Amino acid sequence: MTFWAGKSVLIAGGAGFLGIHLAEAVAVAGAEVNVVDNFSTSTPDAVNALKLTRNLLINVTQGDVSEDIPLPAADVVFNLASPASPVHYQSDPIKTWRANVFGSYNLMQHAIRNHAIFVQASTSEVYGSPLTHPQREEDWGNVNPNGPRSCYDESKRAAESVLMDAQRLGLMELRIARIFNTYGPGMAPDDGRALPQFIAQARAGLPVTLHGDGSQTRSFCYVSDLIRGLMLLASVPGISGSVINLGNPHEISVRELAELVIYSLGSSSRINLTPRPQDDPSRRCPDISKARHILGWNPEVSLLKGLELMLQSK
Ligand code: NAD
């Protein structure tokens, strides 16, 4: 009998890229999954298709968690409800802020009423333009509080703050994942995230566009590794109040990534440099000692393997 068997799991934002992979894995592990999503950066199609083809216990309802909406009973609440790519979160910054601040607050109240374990999808963006490298959970961040990225960075920080208060007050079991760049099948090619954009451009033989000179670094975690980490975070006992980086510490420059994609696809695309967006961080790499120690978690899929899997999936 696993932790998940017979559990009711609410996944807010469960129709998005990570949400679908999480819903599938949790349902396969034996839980009943309820997805609530406003479909602002997704559609119900993929999650409905998953439900039908895999015959899994997944219910989907449309709802905006920043509003006071009825939510299904839950033993575990995963809060993934936020746009994640700069293109999306900056297109309606106030809506992004509402999703992370009011949405997290509403889901927190729901988890408290249900005595549910709460897992928050926070982000490496809480470190802003980091002063330490690699980023450890103790780094308080270097964030522009009112720049164009702050609707996302600061609202994710505000969410961590209120959730930790509820945890410290003994109201709720909480685990916070600081997620670093994750990639894999199912990413939207047009939402501005580096890897799917490079793949779409290289496939079409178009110039692959990099911000700045492409020397800024990122680290990319394959989605199955990340989902395993999120499930461990929810299910390992006695770790309430833990804030844990989840990401792959293999660091690569954005230019090297673009060259790898072009090479892997045998594309004739060239690289095109565009101006760097304001507050774009120069380096991003997680220190995952805490995840290794507390969860026994380690990413297993190399970038080469993950890229191969992603390219095969479409
Ligand atoms: P995504 O945009 O693909 O999915 C987010 C989902 O949330 C979408 O289905 C969207 O419609 C839904 N949503 C947005 N606002 C909502 C609201 N107010 N009410 C209900 N649903 C709402 O993004 P993703 O990559 O799947 O990311 C999921 C979560 O993980 C986000 O919270 C994101 O901040 C976090 N995260 C992701 C990454 C990554 O690399 N994918 C990295 C760091 C953090």
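A brief report on the enclosed structure follows. (Residues numbered from 1 in each chain as written. Predicted model: local features only at pLDDT ≥ 70, side-chain atom pairs only at ≥ 80, totals over all residues. Heavy atoms only, no water.)

What the second largest pocket holds in volume is close to 200 Å³. Forming the walls of the second largest pocket are 13 residues, and the residues nearest its centre are W140, R157, E160, S161 and R178. Sort the elements by how many residues they give to the lining of the second largest pocket and helix α5 (residues 150-168) lands first, with five residues. Counted by class, the lining of the second largest pocket contains five nonpolar, two polar and six charged residues. (1 Å grid on protein atoms, 1.4 Å probe; cavity = no way out; pocket = protein on both sides within 12 Å on 5 of 7 lines; lining within 4 Å. Points joined across faces, edges and corners; volume = space filled by probe spheres on them. Helix = DSSP H or I, 4+ residues; strand = E, 2+ residues; numbered from the N terminus. Nonpolar A, V, L, I, M, F, W, Y, C, P; charged D, E, K, R; others polar.)

In the vicinity of the ligand, 30 residues are found, and the nearest of them are D37, T41, S42, Y152 and R193. Within the contact set of the ligand, a nitrogen atom lies 3.0 Å away from a backbone nitrogen or oxygen of V65. Notes on the ligand: free accessible area 820 Å², of which the protein chains cover 96%. For the shell around the ligand, the secondary-structure elements that each account for two or more residues are α1 (17-28), β5 (117-123) and α5. Ranked by residue count, the leading element in the shell around the ligand is β5, at three residues. (Near = heavy atom within 4 Å. Polar contact = N/O pair within 3.5 Å; in protein donor to acceptor, adjacent residues only side chain to side chain. Areas by Shrake-Rupley, 256 points an atom, 1.4 Å probe, with all protein chains shown as cover.)

Let's shift gears to the nonpolar core. Nonpolar side chains in soluble globular proteins tend to end up buried together. Counting residues in hydrophobic clusters, the biggest one holds 64 residues, and the most contacted among them are F78 and L230. If near-sequence neighbours (up to four positions away) are discounted, F78 is found in contact with W4, V9, L10, I11, A12, L22, V26, V119, L230 and A234. Counting 21 residues, the second largest nonpolar core, distinct from the first, contains L10, A74, V77 and A111. (Core = buried A, V, L, I, M, F, W, Y, C linked by side-chain atoms within 4.5 Å. Buried < 20%, exposed > 50% of the residue type's maximum accessible area, 1.4 Å probe, protein only. Contact = heavy atoms within 4.5 Å.)

Time to look at the packing of helix α6 (residues 194-203) against helix α10 (residues 303-312). At a closest axis distance of 12 Å, the pairing of α6 and α10 adopts a crossing angle of 60°. Taken together, the axes of α6 and α10 lie oblique to each other. With respect to the hand of their crossing, α6 and α10 are arranged in right-handed fashion. Note on element contacts: α10 touches α6 through L307, M310 and L311, opposite L195, P196, I199 and R203. A class-by-class count of the residues in the contact of α6 with α10 yields six nonpolar, no polar and one charged. (Axes fitted to C-alpha atoms, helices over the stretch in contact; angles between N-to-C directions. Parallel < 35°, antiparallel > 145°, perpendicular 65-115°, else oblique. Left-handed = near helix turned anticlockwise from the far one by under 90°.)

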